[in-house]
Amino acid sequence: MGSPPTDEKRDSFDAAAAADHASPLAIPASLADLTPDALSRLGRSATLKMDLLIVPALCIMYILNYLDRQNIASAKLASITTDLKLNAVQYQSCISLLFVGYILMQVPSNILVGKITMPATYICAAMAIWGVVSAATGAVQSFTGLLLCRFFLGFVEAVFFPGALYYLSMFYNRRQYTLRVALLYSGSQLGNAFGGLFAVAILKADGKHGIEGWRWLFIIEGVATIGIALILMLILPNSMSTVKGLSQLERDWLVWNFEADQGQRDDKNELGGWEAFKMAAADPKTYLLMGTLHMTYVAATVTSFFPSVVSTLGYSRNITYVLTAPPYLLCVVIMVINSVHSDRTQERYWHIVVPLIFTTIANIIAISTLNTAARYVSMMLMPGSFYGATVVILSWVAGSLTQPAVKRAAGIAFINAVCNTPNIWSPYLYSHPPRYVDAFSVNLAASVLAIAFATATMLYLKKQNDRLDNGLDARASAPTAQQQAAGFRYII
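Residues numbered from 1 in each chain as written. Predicted model: local features only at pLDDT ≥ 70, side-chain atom pairs only at ≥ 80, totals over all residues. Heavy atoms only, no water.

Per an unreviewed UniProt entry, the protein chain goes by Pantothenate transporter and derives from Favolaschia claudopus. Quoted verbatim from the Subcellular location (unreviewed entry) heading of the UniProt record, the comment on the protein chain is "Membrane". (UniProt positions renumbered as here; feature names shortened; annotations may be inferred.)

So this is what it looks like as structure tokens:
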């Protein structure tokens, strides 16, 4: 699919795409006298400034989000189960209960994000709170204490990911969005890649001041999260009008670039929260996209147990931590390449299906053999394939759940909440090492079903585009009349 473009080429593409697809929405008067070259340069400058402000901050947040959520897997290898006298079912329950809180909070939180005027401040405040909960986990003395900390950690962390997806959709159009989601998602993969290596370094503090290494792991990572959250609260803009360092012309270009693609401006007051949720829940696209993402997430549940799965290769604890890094580093490369190509070609379906074919192959290998080299090849394939598909699916979700903006926020959270339910029950599948036949069999079936749902979604959206080509579509699930007048079509 080619190599990822340089920042200059990427931003040139973003600006050119906006210009190519802007009609029939009129260009603002402030930009009307600019030559095409000047307009392109202005777009590159505005987009790059916004990228530098938003994307690295969200990546850092996601790294810490994942570290604070997944550090229990590293703590297991550092004897948390022995120190707290946890049996296998209790440990699995601590993993799964986090997602109960995570799922319960997503929809109400994202409806709030879609309505309030300071979404970035709200997300950063939630980050500081989950840092407090994570640090407090280092003080637990029993199964009950750990279980409660995990539940409340999930409850507060639920704010971030669906909130970040909606937040990005406030600033980037559909021709820019997939790459930014991939860059956001790279934060979680870098967290996965280096979380084990961080753990190795932190666990060397084992016994310092009479505190076990796994407790230091929770404390240090939690305190770091709090400090960074307070800094990012001062950096991230709450709307396009508050992006720092932009000229008025650059700000006008960004607004035009967004509206030219969506066909209208986001309006937080257009719809109430409950009405927005009902609109999203009544839209057939919601369930087709949900099915695609849900099955992909089922296949991706292996990441919660990745250190344990890698440990079945038979290496020491520290070597196991090191071996977990390369699959996630490869994953970042695949996600960026796949998302760049998807944005450039404005195609979603094959950029989802092809990676999922590799997910299917990886699970077949994992089920079929205990050969060390073959199993590590399957582990190298897994994250890149299912997360390479995931970032494009998420872009499909945000781009296909049309206006009003609050409906988009509610729909993103609703889909993501339901799609995280496998994290509640999947831990109980990973109980028969080293083959984990039950788990990998379910993951194999899920990857095949994800392809089937993606195909159904593609055919449905083609049909909807045919409706739009033939005249005004007045159904509630259709784009708004303003979007249709502007020539809105679904990206397939």
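Caption draft 1: Geometry of a nonpolar patch on the surface. On the surface, Phe-194, Leu-197, Phe-198, Val-322 and Leu-329 cluster together to form a nonpolar patch covering roughly 380 Å² of accessible area. If you tally residues by element for the nonpolar patch, the top one is helix H9 (residues 174–202), at three residues. Tracing the sequence through the fold places Phe-198 in helix H9. When its relative accessible area of 40% is taken as the criterion, Phe-198 is described as partly exposed. (Patch = residues over 30% accessible without salt bridge, like charges linked within 9 Å, V, L, I, M, F, W, Y side chains within 5 Å. Areas by Shrake-Rupley, 256 points an atom, 1.4 Å probe, with all protein chains shown as cover. Salt bridge = Lys/Arg side-chain N within 4 Å of Asp/Glu carboxyl O. Helix = DSSP H or I, 4+ residues; strand = E, 2+ residues; numbered from the N terminus. Buried < 20%, exposed > 50% of the residue type's maximum accessible area, 1.4 Å probe, protein only.)

Caption draft 2: Summary view of the confidence of the model for the protein chain. Taken residue by residue, the protein chain gives an average pLDDT of 87. The fraction at 70 or more is 92%. Taken together, the stretch residues 1–24 has pLDDT below 50 and engages in 46 contacts with residues farther than four places along the chain or on a different chain. (pLDDT = per-residue confidence, 0-100. Contact = heavy atoms within 4.5 Å.)

Caption draft 3: Molecular detail of the environment of Ser-74. Mapped onto the secondary structure, Ser-74 falls in helix H3 (residues 36–77). Residues Ser-74 and Ser-304 lie 230 residues apart in sequence; the distance between their C-alpha atoms is 10 Å. The contact partners of Ser-74, leaving out residues within four places of it in the chain, are Gly-195, Gly-196, Ala-199, Leu-217 and Tyr-321.

Caption draft 4: Up close: the packing of aromatic side chains. Under the definition given, this model contains 19 aromatic pairs. Each ring, one from Tyr-62 and one from Phe-160, has its centre 5.4 Å from the other, and the planes form 50°; the classification is tilted. Taken together, the residues Tyr-62 in helix H3 and Phe-160 in helix H8 (residues 160–169) connect sequence positions 98 residues apart. Here Tyr-62 matches Phe-160 in class, with each residue buried. Aromatic side chains Phe-99 and Tyr-102 sit 5.8 Å apart centroid to centroid with 80° between the ring planes, which places their arrangement in the edge-to-face category. With Phe-99 and Tyr-102 both in helix H5 (residues 88–115) and three residues apart, the pair spans about one turn of that helix. Among the aromatic residues, those joined into a cluster by ring pairs are Tyr-62, Tyr-66, Trp-130, Phe-160, Phe-161, Tyr-185, Phe-386 and Tyr-387. The ring of Tyr-102 carries the charged tip of Arg-69 above its face, separated from the ring centre by 4.9 Å. (Phe/Tyr/Trp six-rings, centres within 6.5 Å; stacked < 30°, edge-to-face > 60°. Lys NZ or Arg CZ within 6 Å of the ring centre and 35° of its normal.)

Caption draft 5: Molecular detail of the pattern of salt bridges. Applying the stated criterion across every chain yields a total of eight salt bridges. Residues Glu-212 and Arg-215 are paired through a salt bridge, measuring 2.8 Å at the closest nitrogen-oxygen approach. We note a salt bridge from Asp-343 to Arg-348, for which the minimum N-O separation is 3.8 Å. The two residues Asp-343 and Arg-348 agree in class, both being buried. Each of Asp-283, Lys-285 and Lys-407 takes part in a single network of salt bridges with overlapping partners.

Caption draft 6: Geometry of the packing of helix H6 (residues 119–137) against helix H7 (residues 143–157). Remark: H6 packs on H7, axes separated minimally by 9 Å, with the N-to-C direction vectors making an angle of 165°. On the basis of their axis angle, the class for H6 and H7 is roughly antiparallel. Every pair of crossing elements has a handedness; the one defined by H6 and H7 is left-handed. Residues Ala-126, Ile-129, Trp-130, Val-133, Ser-134, Ala-136 and Thr-137 of H6 touch H7, and the partners they reach there are Leu-146, Cys-149, Phe-152, Leu-153, Val-156 and Glu-157. Classifying every residue of the contact of H6 with H7 by side-chain character gives 10 nonpolar, two polar and one charged. (Axes fitted to C-alpha atoms, helices over the stretch in contact; angles between N-to-C directions. Parallel < 35°, antiparallel > 145°, perpendicular 65-115°, else oblique. Left-handed = near helix turned anticlockwise from the far one by under 90°. Nonpolar A, V, L, I, M, F, W, Y, C, P; charged D, E, K, R; others polar.)

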